[in-house]
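The primary structure of each chain is shown beneath.
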Amino acid sequence: MAMVSIKDVAAHAGVSPGTVSNVLNRPGKVAPATRERVEAAISELGFVRHGSASTLRAGHSRTIGLSVIDIGNPFFTEVAAGVEDVASELGYAVILGNSAGSQDKEDRNLRVLAEHRVRGVLITPSGEDPARLERLREHGISVVLVDHPAHRPDQCAVAVDDVGGGRAAVAHLLAKGARSVAYVTGPLTIRQCVERREGASAAMRATGLDPAGLRVIEAMTMTARAGEKAAADLIASGLPEAVFCANDLLALGVLRALLRAGVRVPEDVALMGYDDIDFAAASTVSLSSMRQPTYQLGRIATELLLDECDNPETHAHQHIMFQPELFARESTQ
């Protein structure tokens, strides 16, 4: 069966081949009624665009890359949902890469994205080496940071105030009467973990407590299983009055281990998480947590990236910083 061409679609829809091309590549520039007529023709005729050919002509594809630290974390799943929704609305596909916190794996993923000639990359970097991202920009690939601040004016970034979030979380625990606090964190090579610790120390300092008294337990992964192991270490060395975890998965693991050991939450130990994933409110003891606008992070970052790709002459770089919101539940009451 002969392949349906753009000319066939144009004739069927009663428009020019250039209009069909705009629907495929720049749908926002086509009037809605015309776009619907062309899309109906594409569907009726079963037209499939020749992706590799259009990529070679344009020098890039209608795809963007998304590189995250841990796709198993519901935080990044929700970010990815925001990214995909905007990309789909604007006629782009998304290639997902999961670095698992490894800079080597992240580098490999970025090379693959460059080889696919993606228009741009959204990334939560696993390290702080700007040269790795600069190489993408040198190849004409736009880069927007997600859940990470930018350190240069010509770089878009959408982030959350992690220092402020850590400060608010521990201030809440201290306001409930706790005077000894442990911080269960993922690898301290991750910026978010470091900044949440800084916020926790600042809250202790503001209350007149020695921030050096903050007990830090560093896990190699930010999973519920790692949280269970951290709780076992806390039980063995003497429980604090409160535990702040760098994410909800760690906190849920801590909660499970404490309850299994007969420790009452919050009567014996108050517990605070971070991210406010769906499981937080539904746990055996509902978990207090710092909520981040995860879906909005993905949406806004993608809008910035595609505006930079499609409108380079008028695009204005933006640094957007959200504030997390505290949700107090049973685990700290």
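In this text, all values refer to a predicted model and were calculated from it rather than measured experimentally.

Asks: Is there a simple way to explain the overall build of the protein in this structure?
Replies: When helices and strands are tallied, the protein shows 13 helices and 12 strands. Principal-axis analysis of the C-alpha atoms gives the protein an extent of 75 × 40 × 30 Å. Considering the protein as a whole, with its 333 residues, one finds that 49% of them fall into the buried category. Within the protein, contacts between residues separated by at least 24 positions form 70% of all contacts whose residues are at least 6 apart in sequence. Accessible surface, the protein: about 15300 Å² in total, of which carbon and sulfur atoms supply 53%. Charge centroids of the protein, computed over 33 positive and 41 negative side chains, lie 3 Å from each other.

Asks: It is not clear to me how the packing of helix α1 (residues 6-13) against helix α2 (residues 17-25) should be interpreted in this structure. Could you clarify?
Replies: When two helices pack together, their arrangement is captured by the angle between the axes and the distance separating the axes. Look at α1 against α2: their axes get within 8 Å of each other, and the N-to-C directions meet at 105°. Relative to α2, the element α1 is oriented roughly perpendicular. Listed contacts from α2 to Ile6, Lys7, Val9 and Ala10 of α1 are Pro17, Val20 and Leu24. Among the residues forming the contact of α1 with α2, the class breakdown is 6 nonpolar, no polar and 1 charged.

Asks: Even after reading the chapter, I still don't get the pairing of strand β2 (residues 93-98), so can you show me in this structure?
Replies: For a regular strand, side-chain orientation follows a simple rule: the groups alternate between the two sheet faces. For strand β1 (residues 63-68) and β2, the ladder comprises 6 bridges, and the chain directions are parallel. Counterpart to Ile64 in the pairing with β2 is Val94.

Asks: What should I look at first to understand the side chain of His315 in this one?
Replies: With respect to the helices and strands, His315 occurs in the loop between α13 (294-310) and β11 (319-322). The class for His315 is buried, based on a relative accessible area of 12%. Those residues in contact with His315 that sit more than four places away from it in its chain are Cys156, Leu304, Asp307 and Glu308.

Asks: Where do I start with the sheet that holds β2 in this structure?
Replies: For sheets, the rule is that strands pair by backbone hydrogen bonds, running either parallel or antiparallel. Read across the sheet, 6 strands follow the order β2-β1-β3-β4-β5-β11 without closing on themselves; strand pairing throughout is parallel. The open sheet is flanked by β2 and β11, the only strands paired with a single partner. Averaged over all adjacent pairs, the angle separating strand axes in this sheet is 15°, with direction ignored. In the packing of α13 onto the sheet, the strands contacted are β1, β3 (120-123), β4 (142-146), β5 (156-160) and β11, and the crossing angle to β4 comes to about 165°.

Asks: What is the right way to look at the domain arrangement of the protein in this model?
Replies: Where interface size is given, it is often the accessible area lost as the parts come together that is meant. Here the domain parsing of the protein yields domain 1 (6-49), domain 2 (61-160 + 294-322) and domain 3 (162-292 + 327-332). Once you take the C-alpha centre of each, domain 1 and domain 3 turn out to be 54 Å apart.

Asks: Would you mind showing me how to read helix α6 (residues 103-115) here?
Replies: Since the α-helix turns once every 3.6 residues, residues separated by three or four places project in the same direction. Here α6 is 13 residues long and its end C-alpha atoms lie 18 Å apart, about the 18 Å a rise of 1.5 Å per residue gives. In this structure, the buried side of α6 is in contact with β1, β2, β3 and α7 (130-138). The positive-phi residue at the C-terminal boundary of α6 is Arg117, with phi of around 55°.

Asks: Help me understand the environment of Glu228, please; the structure alone is not making it clear to me.
Replies: Looking at the element boundaries, Glu228 is found in helix α10 (residues 224-237). With 22 residues separating them along the chain, Glu228 and Leu250 place their C-alpha atoms 7.6 Å apart. Contacts of Glu228, omitting those with residues within four sequence positions, involve Gly253, Val254, Arg256, Ala257 and Arg260.

Asks: How do you make sense of the sheet that holds strand β10 (residues 288-291) when you look at a structure like this?
Replies: The sheet built from 6 strands is open, its strands ordered β7-β6-β8-β9-β10-β12 with mixed pairing. Single-partner strands in this sheet number two, and they are β7 (215-218) and β12 (325-327). Along the sheet, successive strands turn relative to each other by an average axial angle of 20°, direction set aside. The strands that α10 touches are β6 (181-185), β7 and β8 (242-245); relative to β7, the one it contacts most, it runs at about 140°.

Asks: Can you help me understand the packing of aromatic side chains in this one?
Replies: The way to describe two aromatic rings as a pair is by their centre distance and the angle between their planes. Enumeration over the complete set of coordinates arrives at 3 aromatic pairs. Ring centres of Phe75 and Phe76 lie 4.9 Å apart, and the angle between their planes is 85°; on these two criteria the pair is classed as edge-to-face. Phe76 matches Phe75 in its accessibility class, with the two residues each being buried. Their ring planes at 50° and their centres at 6.3 Å tell us that Phe244 and Tyr274 sit as a pair that is tilted. Pair noted here: Phe244 is in strand β8 and Tyr274 is in strand β9 (residues 270-275), with a separation of 30 residues, a long-range link. You'll find Phe244 and Tyr274 in the same group, each marked buried.

Asks: Can you walk me through the nonpolar core in this structure?
Replies: A general tendency of soluble globular proteins is for nonpolar side chains to be buried together. Counting residues in hydrophobic clusters, the biggest one holds 47 residues, and the most contacted among them are Val184, Val243, Phe244, Cys245, Leu250 and Leu271. At 8 residues, helix α11 (residues 248-260) tops the list of elements feeding residues into this core. Counting residues in each nonpolar core, the second largest holds 24 residues, with Val68, Val79, Cys156 and Leu306 among its members.

Asks: Is there a simple way to explain the pairing of β1 in this structure?
Replies: Buried residues dominate β1, accounting for 6 of its 6 residues. The alternating pattern of β1 places Thr63, Gly65 and Ser67 on one face and Ile64, Leu66 and Val68 on the opposite face, and all of these are buried. In terms of handedness, the path from β1 via helix α5 (residues 74-89) over to β2 forms a crossover that is right-handed. Bridge count between β1 and β3: 4 bridges; the pairing is parallel. Across the sheet, Gly65 pairs through a bridge with Val121, a residue of β3.

Analysis parameters
Residues numbered from 1 in each chain as written. Predicted model: local features only at pLDDT ≥ 70, side-chain atom pairs only at ≥ 80, totals over all residues. Heavy atoms only, no water. Helix = DSSP H or I, 4+ residues; strand = E, 2+ residues; numbered from the N terminus. Buried < 20%, exposed > 50% of the residue type's maximum accessible area, 1.4 Å probe, protein only. Contact = heavy atoms within 4.5 Å. Areas by Shrake-Rupley, 256 points an atom, 1.4 Å probe, with all protein chains shown as cover. Lys, Arg positive; Asp, Glu negative; His and termini not counted. Charge placed at Lys NZ, Arg CZ, Asp CG, Glu CD. Axes fitted to C-alpha atoms, helices over the stretch in contact; angles between N-to-C directions. Parallel < 35°, antiparallel > 145°, perpendicular 65-115°, else oblique. Nonpolar A, V, L, I, M, F, W, Y, C, P; charged D, E, K, R; others polar. Pairing = 2+ DSSP bridges. Domains from an automatic or database assignment. Expected span 1.5 Å × (residues − 1). Phe/Tyr/Trp six-rings, centres within 6.5 Å; stacked < 30°, edge-to-face > 60°. Core = buried A, V, L, I, M, F, W, Y, C linked by side-chain atoms within 4.5 Å. Right-handed = clockwise from strand over helix to strand, strands pointing away.

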